[in-house]
Number of protein chains: 2
Amino acid sequence: MLPALKNDRLLRALKRQPVDCTPVWIMRQAGRYLPEYRAARARAGDFLTLCKTPELACEVTLQPIRRFPLDAAILFSDILTIPDAMGLGLSLNEGVGPKFANPVRTPADIAALPELDIDKDLSYVTDAVKLIRRELNGEVPLIGFAGSPWTLMTYMVEGGSSKDFSRAKSILYDDPASAHTLLQKVTAAVTGYLKAQADAGAQALMVFDTWGGSLSSAAYQEFSLAYMQKIVAALKADFTTKDIPITLFTKGGGNWLETIADTGCDGLGLDWTVSISEAWQRVGDRVALQGNMDPSVLYASADKVVAEVSRIMREFGNSPGHIFNLGHGIHPGIDPEKVGVLVDTVHKESSR
Amino acid sequence: MLPALKNDRLLRALKRQPVDCTPVWIMRQAGRYLPEYRAARARAGDFLTLCKTPELACEVTLQPIRRFPLDAAILFSDILTIPDAMGLGLSLNEGVGPKFANPVRTPADIAALPELDIDKDLSYVTDAVKLIRRELNGEVPLIGFAGSPWTLMTYMVEGGSSKDFSRAKSILYDDPASAHTLLQKVTAAVTGYLKAQADAGAQALMVFDTWGGSLSSAAYQEFSLAYMQKIVAALKADFTTKDIPITLFTKGGGNWLETIADTGCDGLGLDWTVSISEAWQRVGDRVALQGNMDPSVLYASADKVVAEVSRIMREFGNSPGHIFNLGHGIHPGIDPEKVGVLVDTVHKESSR
């Protein structure tokens, strides 16, 4: 038996219900800007060991919760666990970025991709979720997550990070049928993966479409959003996940807020290039909005952080349905004290 | 006496007047994807020598015009000539990116920036413009260009390329007065530089705001667009430049098309993340639209290039005011034959 949730601000805001103050969490809140994270990682040896050892993943997930009065924890993991489980051979080295030993480039490669048995192939993730839920002891809700099918496809095809996604885009344009086959397989895995996280105890879900913004508007709808839509539809049609709020975040997706909201997602992540008041006018009657401070503001002095947080809070206004966050992951070089200033300012400004 | 212009499609389209077929040019059309460019650069020794030697800049400017039936030439140069002329000590090395020996980081650095005498400090650029106009012999118009003040500021402060613009953004947020002082100085130089190019013979002008899309919506308006607005206003108020069409291009600026059009610019550059039909609905009554094919489409086979060019042409429709282009510079690895296919398809599709 898990204890009742003591802080439900995030879940209420995702349903656009009134809250006592605006919930806040930070993308990559468990990460390199925290000295205790760097120590844990040094003990683990490498990033993947952190992800694959439930006790360590639990420890680093909880680190920012212990330090700051955040309103949510997010599973410490990586979006590339799925292709790794499919046999692509992931390695993650600082400075180099992710690498796959066996990238997926031909129709034969795509055909050979195995169907995953999440509870077996990714049990380290569901085990971590269960452990974190226990350790959180109802303090705040736990967010589970996955990468979007298109974002995973870019890494799977390129074999790592890419500047212009030349290989992945060549498949999109030259052989769209193969691209769709690959995306369907990945979508099935992502859907199962998110369901498994919810079944293990994740109380909200998020899909990170880091590279959707690299696509043309037409290609985005066909190759990225259509598959996120399938994921949302599958989760909403499933008895065990239909009430778990799901947030979609496409970095660089400001042009497409309406069609993203049309998927039926509960929350919509905004990067910092979007005006949150304009976003609210466009889709605020249908979804909660998460965001959207420029992560680079945290390089500035504490009083400037306060000023910018306050500006965004004022810009959003008093409507329900705001989850404060950065517009992208926190930079590793940020002083943790600035995060404390951010969190306190969000709570103070919204409880006036 | 310069010969009369034989192909005025670009200039007509920029004024949203009817054309016999849609004009097309390619950002970075004089560049590394062309073997004749690579040969010229090898002879010159380095990129900056190409820029700073009018005969060589003229030669590479004309290379794509000789190879393809393009509707415009664009001055071969670099956006960083202005900070170089201000004494920052530019070096450009392939693979490393631009570097400044003397970046601008303190209020004292900003105060010490000299006012430029364009005709003296950047005479190699105006000499190149004059020479290119002569050599073009009226075949197609010549586009002059500059980087936007904010984009130049990022390089000047960071000392080169940057992933998150931490130093430049720290100045924006911590010391906005100093940021404005720097931007005002750069704006004066950019304005004079564009005027000098027009006086030397450039028949259209363009401002590249490569990094405007890295800013929050509020910061974009204050620190990037406001200065491009000043440039447009100054050129439109000047007797010698008031009729020279000017195009503003903010990569990642799809959220801000209305305010960009409000500057009074003639053309608006679109990256490939924007739907060109939606852009037309938003601002097509006020500005010509330039763009917007994903440069990565050129990695695909010729028939797929035809298909995507045709799709964008259909999406724009039959209204006046389209200048076909990529949504960003052409990638160095592209097969030049694909550019030929692109240009021919634009002309064929639009003259039906």
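What counts, and at which threshold
- Residues numbered from 1 in each chain as written.
- Chains lettered and ligands numbered in written order.
- Predicted model: local features only at pLDDT ≥ 70, side-chain atom pairs only at ≥ 80, totals over all residues.
- Helix = DSSP H or I, 4+ residues; strand = E, 2+ residues; numbered from the N terminus.
- Rg over C-alpha atoms; globule rule 2.2 N^0.38 Å.
- Buried ≥ 20, exposed ≤ 12 C-beta atoms within 10 Å, placed from the backbone.
- Contact = placed C-beta atoms within 7 Å.
- Pairing = 2+ DSSP bridges.
- Axes fitted to C-alpha atoms, helices over the stretch in contact; angles between N-to-C directions.
- Least-squares fit on C-alpha atoms with pLDDT ≥ 70 in both.
- Nonpolar A, V, L, I, M, F, W, Y, C, P; charged D, E, K, R; others polar.
- Right-handed = clockwise from strand over helix to strand, strands pointing away.

Chemist: Help me understand the overall build of chain A, please; the structure alone is not making it clear to me.
Modeler: In terms of regular secondary structure, chain A is built from 16 helices and nine strands. Its C-alpha atoms give chain A a radius of gyration of 19 Å, near enough to 20 Å, the size a compact globule of 352 residues would have. Seen through its principal axes, chain A has C-alpha atoms that stretch 60 × 45 × 40 Å. Across the 352 residues that make up chain A, the buried fraction comes to 57%. Pairs at least 24 apart in sequence give 71% of the contacts found in chain A among residues at least 6 apart.

Chemist: What should I look at first to understand unusual backbone geometry in this one?
Modeler: Both trends apply: most residues other than glycine have a negative phi, and most peptide bonds are in trans. All names here are of chain A. Cis geometry marks the peptide bond from Gly-291 to Asn-292, where omega comes out at -5°. Counting through the fold element by element, Asn-292 comes out in strand 8 (residues 288-293). Residue Arg-28 is not a glycine yet carries a positive backbone phi of 65°. Position of Arg-28 among the secondary structure elements: in the loop between helix 1 (9-14) and helix 2 (35-44).

Chemist: What's the story with the sheet that holds strand 6 (residues 246-250) of chain A in this structure? I'm lost.
Modeler: Residues and elements named next belong to chain A. Taken in spatial order, the seven strands of this open sheet run 1-4-5-6-7-8-9, and their pairing is parallel. Each edge of the open sheet carries a strand with a single partner, namely strand 1 (73-74) and strand 9 (322-326). Docked against the sheet, helix 8 (residues 123-136) engages strand 1 and strand 4 (142-147), running at close to 155° with respect to strand 4.

Chemist: When you look at the relation of the copies chain B and chain A in this model, what are you seeing that I'm missing?
Modeler: One copy of the chain maps onto the second through a rotation around an axis plus a translation along that axis. Take chain B, turn it by 180°, move it 0.0 Å along the axis, and it overlays chain A with an RMSD of 0.0 Å. In the structure described here, the two chain copies are related by an operation that fits a two-fold rotation axis. Taking C-alpha positions as the reference, the residue of chain B nearest the rotation axis is Asn-255 of chain B, at 3.1 Å. Counting the interface residues of chain B, we find that 100% of their copies in chain A are interface residues as well, pointing to one common contact surface.

Chemist: Honestly, the pairing of strand 3 (residues 97-100) of chain A in this entry has me stumped. Any pointers?
Modeler: A regular strand carries its side chains on alternate faces of the sheet. The pairing of strand 2 (residues 90-93) of chain A with strand 3 of chain A spans four bridges and is classified as antiparallel. Bridging across to strand 3 of chain A, Asn-93 of chain A finds its partner in Gly-97 of chain A.

Chemist: Is there a simple way to think about the interface of chain B and chain A in this case?
Modeler: Interface size, as often reported, equals the accessible area lost upon joining of the parts. Chain B puts 28 residues into the contact, and the matching count from chain A is 28 residues. Looking at the side of chain B that touches chain A, the elements with two or more residues in it are helix 10 (166-174), helix 12 (217-237) and helix 15 (302-316) of chain B. Considered class by class, the residues forming the side of chain B that touches chain A number eight nonpolar, 13 polar and seven charged.

Chemist: Help me understand the pairing of strand 8 (residues 288-293) of chain B in this model?
Modeler: Residue and element names in this part refer to chain B. Among the six residues that make up strand 8, six are buried, leaving the element largely enclosed by the rest of the structure. Crossover connection from strand 7 (residues 267-269) via helix 14 (residues 276-283) to parallel strand 8: handedness right-handed. For strand 8 and strand 9 (residues 322-326), the ladder comprises five bridges, and the chain directions are parallel. In the sheet register, Met-293 faces strand 9, and the bridge partner there is Leu-326. Each parallel crossover has a hand, and the one from strand 8 via helix 15 to strand 9 is right-handed.

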